[in-house]
Amino acid sequence: MSTQACAACGARYDYALASCTLCGGALAETEAADAEVLAVTEITVPSLGHEEVPYWCALVRKPDGGQAIVKTERPVAVGDTIAARGSVAEVVHTVGIVGSGVMARGLTELMLNQGHRVVWVGRSLERLEAARAKVADRLGRVMDEDELTDAVSRISLAQDMGALAACDIVIEAVVEELEPKRAVLERIEAVVSPETLIATNTSSLPLDELSAGMRHPERFGGLHFFNPPTRMRLVETVRGPRTNEQTAALMSQFARLLGKVPVPVAAGPGFVVNRVLMPLLNEAVRTLEDGIAPAEDIDEAVRLGLNHPMGPLALADLIGLDVVVKIMDDLHGRLGDEAYAPRPMLRQLVAEGKLGRKTGEGFYEYVPPPVSG
Amino acid sequence: MPAFVIGVGKTRFGPSGHDIPYLAQEAMAEALTDAGIGVADLGALIVANFLGGPNEHQLHLNSVVAGLMPGVRLPSWRVEAACASGAAAIHQAVALLGTYDPILVIGVERLSGLPGAVLTRNIGMAGDVVLDQAQGLNFPASYALVAQRHMQRYGTTTRDFELVSLKNHANAQLNPKAHFHLKRVTQADIDAGATVASPLRLFDCCPVSDGAAAAVISATASDGRSVPVLGSAIRSDAISLSQREDHTTFPAAREAAEDAYRKAGISSADVSFAEVHDCFTIAEIVAMEDLGLAEPGYATGMVRDGQTAIGGSVPINPSGGLKAGGHAIGATGVGQVYEAVTQLRGEAGQRQVAGAEIAVTHNVGGVGGTCAVHVLGRPS
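None of the values given here were measured: they were computed from a predicted structure.

Participant: Help me understand the overall build of chain A in this model?
Facilitator: The helix and strand tally for chain A stands at 11 helices and 15 strands. Counting only C-alpha atoms, chain A reaches 75 × 50 × 45 Å along its principal axes. Buried residues in chain A amount to 38% of all 373 residues. Considering only residue pairs separated by 6 or more positions, chain A has 58% of its internal contacts joining residues 24 or more positions apart.

Laid out in structure tokens, this is it:
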């Protein structure tokens, strides 16, 4: 939201406009300020985008007379003073993203979309530049030229971790392996302030092992976004054994700021989603191995019978069968449950280099889209 | 140019298994029969609807309705002004007499069958997407803030809201086309109602209904049952409560009422009864004050004294209102005209307001962003 006032006649607008409707005068942004609560209602019915109830909506008035509706997660009372931010984008963070893979790209796109600044650190400047071009390409589909120029100007690329020093939040999204992640986390910690929230986007690695070498593991936790992070609403906010209360609260707050729904989880193997998902994928493969039905029919049955948007075999192809096997092996090792032991057909496909969509074949064959003119 | 309602029709408001074309045709057929004309006699068609797009993925409803009259290619279009769509369409018809005559107005809406959270979001589209929706200010919450402000300023109590609810539910029992015609609502039901958005509880909220209503508007009275439209006015205002100074009144409703009264040559003292937009009980109290039926802060006195009941000095919502009569959003403003016409003709049966001379209808879109007021008189 943009609140503007006319310098000439004083008319106020809650929209970004070129000039005053009434007198044609120039408009200037009004300053964000603390505001007084005039009235408040506790809302106990959920609606799309506001599923968690209760929450509170306050009608507030700022010192300059401007008013706003402000959602709060805690009760506020008439007469209270609260921060009136018109929209989430008015709280701008500098977010550090480490890594240049698919998740790092998605996270960068999400941060820029929400108005934040991104310090993007990777090992190769060339790869970062290519990744930035892909992000710009995606943003260009939803932004006009000015917005895109502004968004891209909010990215700074660096090979040196030192560039992260000014970040409020740093998200590590490098390769899903313990040692590289540990090394990166230690190097991040060496340059940021002790208060900076450091988060890992790991989908399964144990948080206490990741933070073993950190001096302040209490400000470290997991922000497990789902792919693509611009569209998937869930963030598992993972609390490790040493993550403190404040960090846990900050992770939830940040996820909400991004328009996501945080679900706090303990740092058990696979958290919630992968722990529940992997046996389902594995069982779908076994059903296929047992000749119960062809892949298409297994997926169709699960889609319609369980109301999933996508069948398990198609989903495995989307995730990448190598990634699926890796997660299953890890969970199998840590939970010791055979339900997580990758089925032979999964291993076979991976051995054949059929990794799913990314290689053009997995449980299904994928025809590359024709190049459009 | 004079204007008359020469025919009206209305389906029952409430959950229905029928689709939009069926509902629209049922109301249309009744209105045309009532007017004693056929579709071929019509000059134009205006269809009022709010959520056909988000709920049913069906826009372009005037053309859907055109399919109900094969081969008759009328001038037609759809009107949308949130919950005021119906009265906005009536106003447009009145204003266009001289270009088209007679004009059929159909309001139609389907709201049942959607998950609650989806419907709550969709209805919230009547509020600003950034200022309201992004902050979780759904529709009940908007009116809850109005209620909070009214309570702070005038000492209005939740008991006043309960009295409005009980009165409208009692009226609906007398109206066979009301959503809650067959449901007896007692104090115990109200006490058991969960909070929706404090201070509003379940029985402070109108239901969401399926239904349609139709009216045929003409510059010429067709018979002794034609009801004159004495005044028709509409005003709009900024969409969010946060963009208004006073949160206990809707200035757009106030100005529309003043304009409609001026056109009709009446004052608020002349009003026999009113059908007002009580989407929430607080809205009925605000409506009475905006229509000048009570001074600001004094509507509750009339509610407490029973003056707004059917036998009272100014009956409000003899149909049961939106609260108990039902709210088939796009049809609501047209349904209010149906009730006004039926009462003024003396054909309202058990819920007849004795000696009704002047009726006022008051239809609101959003939380006062659009308000349309009509004044109708007794047939001569």
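Structure's up, so let's keep going.
Participant: Would you explain the sheet that holds strand β3 (residues 27-29) of chain A in this entry?
Facilitator: Backbone-to-backbone hydrogen bonds join strands into a sheet, with any given pair of strands oriented parallel or antiparallel. Residue and element names in this part refer to chain A. An order of β2-β1-β3 is seen for the 3 strands of this open sheet, with the pairing classed as antiparallel. Either end of the sheet is taken by a strand with one partner, and the two such strands are β2 (12-13) and β3. The pairing of strand β1 (residues 4-6) with β3 spans 3 bridges and is antiparallel. Within β3, the residue paired with Q4 across the bridge is E29.

Participant: Mind showing me how you'd approach the domain arrangement of chain A here?
Facilitator: It is common to give the size of an interface as the accessible area lost on bringing the parts into contact. By domain assignment, chain A separates into domain 1 (4-89), domain 2 (92-266) and domain 3 (273-359). For domain 1 of chain A and domain 3 of chain A, the distance between their C-alpha centroids amounts to 48 Å.

Participant: Explain the interface of chain B and chain A to me, please; I cannot follow it from the model alone.
Facilitator: Counting residues at the interface gives 29 residues for chain B, matched by 24 residues for chain A. Here the side of chain B that touches chain A is built from residues that sort into 14 nonpolar, 12 polar and 3 charged.

Participant: Any chance you could explain the packing of helix α1 (residues 102-113) of chain A against helix α2 (residues 125-139) of chain A here in plain terms?
Facilitator: Geometry of a packed helix pair, given as the angle between the helix axes and the separation of the axes. Residues and elements named next belong to chain A. Between α1 and α2, the shortest axis-to-axis distance is 10 Å and the interhelical angle comes to 50 degrees. In this view, α1 runs oblique relative to α2, as classed from their interaxial angle. For the element pair α1 and α2, the recorded crossing hand is right-handed. Here α1 contributes A104, R105, T108, E109 and L112 to the contact with α2, which in turn contributes A131, K134, V135, R138 and L139.

Participant: Quick question: what am I supposed to make of helix α6 (residues 245-257) of chain A here?
Facilitator: Because each turn of an α-helix spans 3.6 residues, side chains separated by three or four positions end up pointing in the same direction. Residues and elements named next belong to chain A. With 13 residues, α6 ought to run about 18 Å at 1.5 Å a step, and its terminal C-alpha atoms sit 18 Å apart, in line with that. All buried positions along α6 are accounted for by T247, M251, F254 and A255. Taken end-on, α6 shows its buried residues confined to a sector of 100 degrees, consistent with a single buried face. Turned more than 90 degrees away from the buried face of α6 sit E245, Q246 and A249, all of them exposed.

Participant: What is the right way to read the nonpolar core from this model?
Facilitator: Generally speaking, a soluble globular protein has its nonpolar side chains buried in company with each other. Among the nonpolar cores identified, the biggest contains 144 residues, and B:V5, B:V105, B:A214 and B:A215 are the most heavily contacted of them. If we ignore the near neighbours within four places in the chain, the residues touching B:V5 are B:A215, B:V216, B:I217, B:S226, B:V227, B:V229, B:V337, B:V341 and B:L376. In this structure, A:I97, A:V238, A:M251 and A:F254 belong to the second largest nonpolar core, which totals 45 residues.

Participant: What should I look at first to understand the environment of B:R149 in this one?
Facilitator: By the element assignment, B:R149 lies in helix α6 (residues 139-154). Looking at B:R149, the number of C-beta atoms within 10 Å reads 22, which means it is buried. When residues no more than four places from it in sequence are discounted, the contact partners of B:R149 are A:A39, B:H247 and B:T248.

Participant: When you look at the sheet that holds strand β10 (residues 155-158) of chain A in this model, what are you seeing that I'm missing?
Facilitator: Residues and elements named next belong to chain A. Spatially, 8 strands are ordered β10-β9-β8-β11-β12-β13-β14-β15 in an open sheet, and the strand pairing comes out mixed. The open sheet has two edge strands with one neighbour each: β10 and β15 (261-266). With strand direction ignored, the average angle separating the axes of adjacent strands in the sheet is 25 degrees. Where strand β11 (residues 169-172) and strand β12 (residues 197-200) come together, 4 bridges link them in parallel fashion. Within β12, the residue paired with I169 across the bridge is L197.

Participant: Would you mind showing me how to read helix α4 (residues 85-96) of chain B here?
Facilitator: Residues and elements named next belong to chain B. Here α4 spans 16 Å end to end across 12 residues, near enough to the 16 Å set by a 1.5 Å rise per residue. Taken across its 12 residues, α4 has 10 buried, putting it largely inside the fold. For α4, every residue scored as buried is listed here: S85, G86, A87, A88, A89, I90, H91, Q92, A93 and V94. G98 sits one or two residues past α4 and shows a positive phi near 110 degrees.

Participant: Hey, could you run me through the pairing of strand β4 (residues 34-43) of chain A in this one?
Facilitator: Two faces, one strand: in a regular strand the side chains alternate between the faces of the sheet. Residues and elements named next belong to chain A. Direction of pairing for β4 relative to strand β7 (residues 81-83): antiparallel, over a ladder of 3 bridges. Its bridge partner being in β7, E36 is matched across the sheet by T81. Judged from the 7 bridges that link them, β4 and strand β5 (residues 55-61) form a sheet pairing that is antiparallel. Note on β5: the bridge partner recorded for T41 is C57.

Participant: Explain unusual backbone geometry to me, please; I cannot follow it from the model alone.
Facilitator: Leave glycine aside and you will find that most residues have negative phi; peptide bonds, for their part, are mostly trans. Residues and elements named next belong to chain B. The residue after D101, namely P102, is reached through a cis peptide bond having omega -5 degrees. Here P102 lies in the loop between α4 and β4 (103-109). Of note, the bond from S198 into P199 is cis; its omega dihedral lies within 30 degrees of zero at 10 degrees. Take P199: it is sitting in the loop between β5 (195-197) and β6 (200-201). Of note in this structure, H57 is not a glycine but carries a positive phi near 55 degrees. Along the polypeptide, H57 turns up in the loop between α2 (52-56) and α3 (61-66).

Participant: Help me understand the packing of helix α7 (residues 273-289) of chain A against helix α10 (residues 321-335) of chain A, please; the structure alone is not making it clear to me.
Facilitator: Residues and elements named next belong to chain A. Where α7 meets α10, the closest approach of the two axes is 10 Å, and the angle between their N-to-C directions is 115 degrees. Classified by the interaxial angle, the pair formed by α7 and α10 is roughly perpendicular. Viewed along their axes, α7 and α10 form a crossing whose handedness is left-handed. Residues N274, R275, M278, L281 and N282 of α7 touch α10, and the partners they reach there are V324, I327, M328 and L331. For the contact of α7 with α10, the per-class residue count stands at 6 nonpolar, 2 polar and 1 charged.

Participant: Explain the pairing of strand β7 (residues 211-218) of chain B to me, please; I cannot follow it from the model alone.
Facilitator: All names here are of chain B. Counted residue by residue, β7 has 8 buried out of 8 residues, so it is predominantly covered. In the sheet, strand β1 (residues 4-10) pairs with β7 via 6 bridges, with the strands oriented antiparallel. Its bridge partner being in β7, G9 is matched across the sheet by A214. Direction of pairing for β4 relative to β7: antiparallel, over a ladder of 7 bridges. Each residue of the ladder has a partner; that of I103, found in β7, is I217.

Participant: In this structure, what is going on with the confidence of the model for chain A? I would like to understand it.
Facilitator: If pLDDT is low for a region, its predicted coordinates should not be looked at in detail. Summarising the model, chain A shows a mean pLDDT of 91, and 95% of its residues fall at 70 or more. Taken as a whole, residues 85-90 of chain A scores under 50 in pLDDT and shows 15 contacts with residues more than four places along the chain or in a different chain.

Each value, and the rule that gives it
- Residues numbered from 1 in each chain as written.
- Chains lettered and ligands numbered in written order.
- Predicted model: local features only at pLDDT ≥ 70, side-chain atom pairs only at ≥ 80, totals over all residues.
- Helix = DSSP H or I, 4+ residues; strand = E, 2+ residues; numbered from the N terminus.
- Buried ≥ 20, exposed ≤ 12 C-beta atoms within 10 Å, placed from the backbone.
- Contact = placed C-beta atoms within 7 Å.
- Pairing = 2+ DSSP bridges.
- Domains from an automatic or database assignment.
- Nonpolar A, V, L, I, M, F, W, Y, C, P; charged D, E, K, R; others polar.
- Axes fitted to C-alpha atoms, helices over the stretch in contact; angles between N-to-C directions.
- Parallel < 35°, antiparallel > 145°, perpendicular 65-115°, else oblique.
- Left-handed = near helix turned anticlockwise from the far one by under 90°.
- Expected span 1.5 Å × (residues − 1).
- Arc of directions from axis to C-beta.
- Core = buried A, V, L, I, M, F, W, Y, C linked by C-beta atoms within 7 Å.
- pLDDT = per-residue confidence, 0-100.

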